[in-house]
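# Examination of the molecular architecture
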Amino acid sequence: MSAFFYLITFLVLIPATANAAPGFIYTGSQPDSSKGLKDYYKEYFTMGVAVAPTSLSGDQSELIIKHFGSITAENVMKPGPIHPEENRYSWENADKIVNFAQANGLKVRGHTLVWHQQTPSWFFKDNAGNPLTKEALLARLKDHITQVVTRYKGKVYAWDVVNEAIADDNSKVFRETEWYKICGEEFIAKAFQWAHEADPDALLFYNDYNTEFPGKRDKVYDLVKKLLDAGVPVHGIGLQGHWNLVEPSEKNFRDALDKYSSLGVKIQITELDISVYNSGDKNATDNVFTPEREQKQIEKYNMVFRVLRDYKNVITGVTFWNVSDKTSWLDNFPVRGRKNYPLLFDQNLKPKKAYWEVVKF
Ligand code: HAH
């Protein structure tokens, strides 16, 4: 072969090796901007994202299709938006999300059938405004679940059936919601049973936050164990994954995954984001993504995905809660109007440094 050929080959290889760490031979694992997050994690788990109907056009929709294999409605399938009055369901927005998913070959996670927030007050009252009896409230719940799950049968592959029914307070097991006060814990088993009757193929999840802290972890474990022992169709536990620069610790995270997976159920991270403020840090109002916060966030994302890859046999999905740092629910929670930067894409929808760390393995 000619010297010319060698020269050309050499010149072509230089740029490819230029970014490799010193002392290492180029192996082909350089950042590749044609790949999406879902491609890097193809052999691991489905990557998902929470969306609003307004995210489904323009730049955001391109990002969603490139990087994710699953979507969740951030709000529009919750009881309030989808069932605003006793005799009226409002399907339009939820349909948009399901239709977008079908048109683009994405899976859909349904969120959520039973929750204490974003549920209209009519749910719990009779026509005269008095609290419903347990029987009447359970009948309403059955109607709600049956209507919603049946409409999306075969299109929503997994449902967060019950969201946040466990108390944060260590002295209590169940959160004292209207559901619990009127029905006792029975509403939980019934909700799973009715969802299963409406779509026997859907995977049914119990979903909650702070599920890595030992106190709440053990209560979630006990609840799901009790349901399984009673033959209730629960197929998975959703760990919301609203984390921050310090929580969860790697140990608590691994212990929680070990404990939940010992039940034989699947685990998904259903609402992942890593706040750049610590949970107790309500006074930090400078709104800035400082280099220190950026670095700590990179380290936390690194740890989280390293552990998730280790547990790929039990983790079946990882869903981010919002698309990019342009808008996150954390911009208004727990401090209204405090800008947060919790995701892998920046305010211009470009991958952050944390993104490149998460796909480097
Ligand atoms: C989640 N709760 C909800 O599951 C989700 O539906 C919502 O859009 C955002 C967060 C997390 C949460 C909360 O709402 C209130 C207190 C603590 C945690």
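Residues numbered from 1 in each chain as written. Predicted model: local features only at pLDDT ≥ 70, side-chain atom pairs only at ≥ 80, totals over all residues. Heavy atoms only, no water.

## Comments concerning the overall build of the protein
For the protein, the count of helices and strands is 12 helices and nine strands. What you see for the protein is a C-alpha radius of gyration of 22 Å, in line with the 21 Å of a compact globule of 361 residues. Reported as C-alpha extents along the three principal axes, the dimensions of the protein are approximately 90 × 45 × 40 Å. The buried share among the 361 residues of the protein stands at 49%. Relative to all contacts within the protein whose residues are 6 or more apart in sequence, the contacts with residues 24 or more apart total 75%. When the accessible surface of the protein is summed, it comes to about 16900 Å², and 52% of that surface belongs to carbon and sulfur atoms. Taking the average place of the 44 positive charges on the side chains of the protein and the average place of its 45 negative ones, the gap between the two points comes to 2 Å. (Helix = DSSP H or I, 4+ residues; strand = E, 2+ residues; numbered from the N terminus. Rg over C-alpha atoms; globule rule 2.2 N^0.38 Å. Buried < 20%, exposed > 50% of the residue type's maximum accessible area, 1.4 Å probe, protein only. Contact = heavy atoms within 4.5 Å. Areas by Shrake-Rupley, 256 points an atom, 1.4 Å probe, with all protein chains shown as cover. Lys, Arg positive; Asp, Glu negative; His and termini not counted. Charge placed at Lys NZ, Arg CZ, Asp CG, Glu CD.)

## A few points about the site of the ligand
Of all residues adjacent to the ligand, which total 13 residues, the nearest are Lys-78, His-111, Glu-164, Glu-271 and Trp-321. A distance of 3.2 Å is found between an oxygen atom of the ligand and a side-chain nitrogen or oxygen belonging to Gln-240. When the ligand is considered free in solution it has 410 Å² of accessible area, and contact with the protein chains removes 86% of it. Per-class residue counts for the shell around the ligand are five nonpolar, five polar and three charged. (Near = heavy atom within 4 Å. Polar contact = N/O pair within 3.5 Å; in protein donor to acceptor, adjacent residues only side chain to side chain. Nonpolar A, V, L, I, M, F, W, Y, C, P; charged D, E, K, R; others polar.)

## Side note on the side chain of Arg-109
Mapped onto the elements, Arg-109 comes out in strand β3 (residues 107-114). When its relative accessible area of 0% is taken as the criterion, Arg-109 is described as buried. A distance of 2.9 Å separates the side chain of Arg-109 from the side chain of Asp-160, its partner in a polar contact. Sequence-distant contacts of Arg-109, defined by excluding residues within four places in its chain, comprise Ser-70, Ile-71, Thr-72, Ala-73, Val-156, Tyr-157, Ala-158, Asp-160, Phe-205, Gln-268, Thr-270 and Thr-319.

## So, empty space enclosed by the protein
Within the structure shown, the criterion is met by two cavities of 30 Å³ or more. Space inside the largest cavity adds up to approximately 50 Å³. Among the residues forming the lining of the largest cavity, the class breakdown is six nonpolar, three polar and one charged. A volume near 30 Å³ is recorded for the second largest cavity. (1 Å grid on protein atoms, 1.4 Å probe; cavity = no way out; pocket = protein on both sides within 12 Å on 5 of 7 lines; lining within 4 Å. Points joined across faces, edges and corners; volume = space filled by probe spheres on them.)

## With respect to the pattern of salt bridges
Pairing between side chains becomes possible if they bear opposite charge and their charged atoms approach one another. Summed over all chains, the structure comprises 22 salt bridges. The partner of Arg-109 in a salt bridge is Asp-160, with the nearest N and O atoms 2.9 Å apart. Of this pair, Arg-109 sits in strand β3 while Asp-160 sits in strand β4 (residues 158-163), and the two are 51 residues apart along the sequence. The two residues Arg-109 and Asp-160 agree in class, both being buried. Notably, a salt bridge pairs Arg-254 with Asp-310, separated by 2.9 Å at the nearest N-O pair. Taken together, the residues span a long stretch of sequence, with Arg-254 in helix α10 (residues 250-261) and Asp-310 in helix α11 (residues 291-310) at a distance of 56 residues. The exposure class of Asp-310 is exposed, given its relative accessible area of 51%. (Salt bridge = Lys/Arg side-chain N within 4 Å of Asp/Glu carboxyl O.)

Spatial relationships are all this shows, so hold off on functional conclusions.
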